Every structure is written in structure tokens, then in C-alpha cells.
Amino acid sequence: MNRIFTGWLAACLMVAGLRIAAAAPSVSDAASDELLRVAADILRKADADQVNELWESGSGVLKSRMGKTAFVRATRKARLSMGPVTDREWSSVTRLKYQADNESGFPAGLYANVVFSTQLDSGRKASERISFARENNRWIFTGYAIAREAPDTAATQDASAAPAKPCLLYTS
């Protein structure tokens, strides 16, 4: 009797789980593709030292938190310190929704982070995170973060391991 009840309970839970999963909103491949395309464009500009263009295309969130001169100087220094890139592949796309009065201080809205695993010409690895805010039905650039592998370890410091919030500028 106990075996029958356990089997029945397991079947009910499985069916309920399938119904819950089917009711959950799915993430659109088109939205991820758009984020990956825009992030790749941001990285091309960073690689080409077109940092002023990044600032000009930046969101109100970026511009309200960091002045143009500071952004350009810090981003240029961080990107140039990496050296040439030999390979870059995306590793994650994360969307974040902030309500009003959230503890991070970001305006309410939809944000996203795209993280790339990057192989440098020096043989070292890095993780690059490009952050976006959803404004006027478009993903607008809010920040660029770089985390490099520590020289004395084989473990990469992954920028996606940082707190799950959009970055403005971060290097390590």
C-alpha cells in the first residue's frame, strides 16, 4: 500500500512539475540573439579603442553614474591592459529585473549581462561582462567589466561570479 501511494504521489508531483514548467514564460531566442549581437558590437568597439563611441551610445544609467572623461580613461586603460584577444566566446546571458527602491540603487527596469570567455594573446584568460539596460524597446549599453586570471593560479576569476547586477566598470 505504501509503495502504491509513493508511486502515485511521485506521478502527481511529476505532472504538476510539467504543468508549472509549461506555464513559466520562456526566454526568447531572438532576445538572446539580439543581446549577443549588440554585445559583440560593443567588444569590437572596445578592441578598436572606440571608447568615446561607447560612451555616446551608453544608457542614461551609465551617464548618470560616471562622467565621460572618467569612463573613457578607465575603459581604455582596462581594455589596453588586456592586450590582444586571440579568441572570445560567449558563456552566459543573464536578464535581471529591478523593482523601484531596490538595494542596488539601479532604476526600476529590465537589465542584462552578457559574459564572454576570452583568450588573450599572452596565453592568459579573462572574463568580459557587457551590461545593458532595456530602454525604448532596445538594449542600451551600461557597462563593461573585465576579470583576468590571477597570474599565480590556473583559476579564472569569472565576471559572472560578481554580484548579479549590471556593471558600470570593473577590472581586476
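Right above here is the structure, for reference.
So, here is what we can say about the structure in this document. (Residues numbered from 1 in each chain as written. Predicted model: local features only at pLDDT ≥ 70, side-chain atom pairs only at ≥ 80, totals over all residues. Heavy atoms only, no water.)

A few words now on the overall build of the chain. Per the secondary structure count, the chain includes five helices and five strands. Mapped in sequence order, the helices and strands of the chain form the string α-α-α-α-α-β-β-β-β-β. Here the chain holds 172 residues, and the buried ones make up 34% of them. By sequence separation, contacts in the chain at least 24 residues apart represent 58% of the contacts at least 6 residues apart. (Helix = DSSP H or I, 4+ residues; strand = E, 2+ residues; numbered from the N terminus. Buried < 20%, exposed > 50% of the residue type's maximum accessible area, 1.4 Å probe, protein only. Contact = heavy atoms within 4.5 Å.)

In this structure, the largest pocket spans a volume of roughly 220 Å³. If you go around the largest pocket, you meet 13 residues; those closest to its centre are V38, D41, I42, R138 and W139. At the level of secondary structure, the elements contributing two or more residues to the lining of the largest pocket comprise α2 (29–47) and β4 (138–148). At seven residues, the largest contribution of residues to the lining of the largest pocket is made by α2. For the lining of the largest pocket, the per-class residue count stands at six nonpolar, one polar and six charged. (1 Å grid on protein atoms, 1.4 Å probe; cavity = no way out; pocket = protein on both sides within 12 Å on 5 of 7 lines; lining within 4 Å. Points joined across faces, edges and corners; volume = space filled by probe spheres on them. Nonpolar A, V, L, I, M, F, W, Y, C, P; charged D, E, K, R; others polar.)

Turning our eyes to something else, we now look at the pairing of strand β3 (residues 125–135). Counting buried residues in β3 gives eight out of 11 residues, a clear majority hidden from the surface. Here strand β2 (residues 109–120) runs beside β3; their pairing, made up of nine bridges, is antiparallel. Directly across from F116, in β3, lies its bridge partner E128. Count of turn residues in the β2/β3 antiparallel hairpin: four residues, of which G123 carries a positive phi of about 95 degrees. Of the pairings in the sheet, the one linking β3 to β4 comprises 10 bridges and is antiparallel in character. Note that in β4 the partner of I130 across the bridge is Y144. Where β3 folds back on β4, the antiparallel hairpin that results is connected by two residues, among which N136 adopts a positive phi of roughly 50 degrees. (Pairing = 2+ DSSP bridges.)

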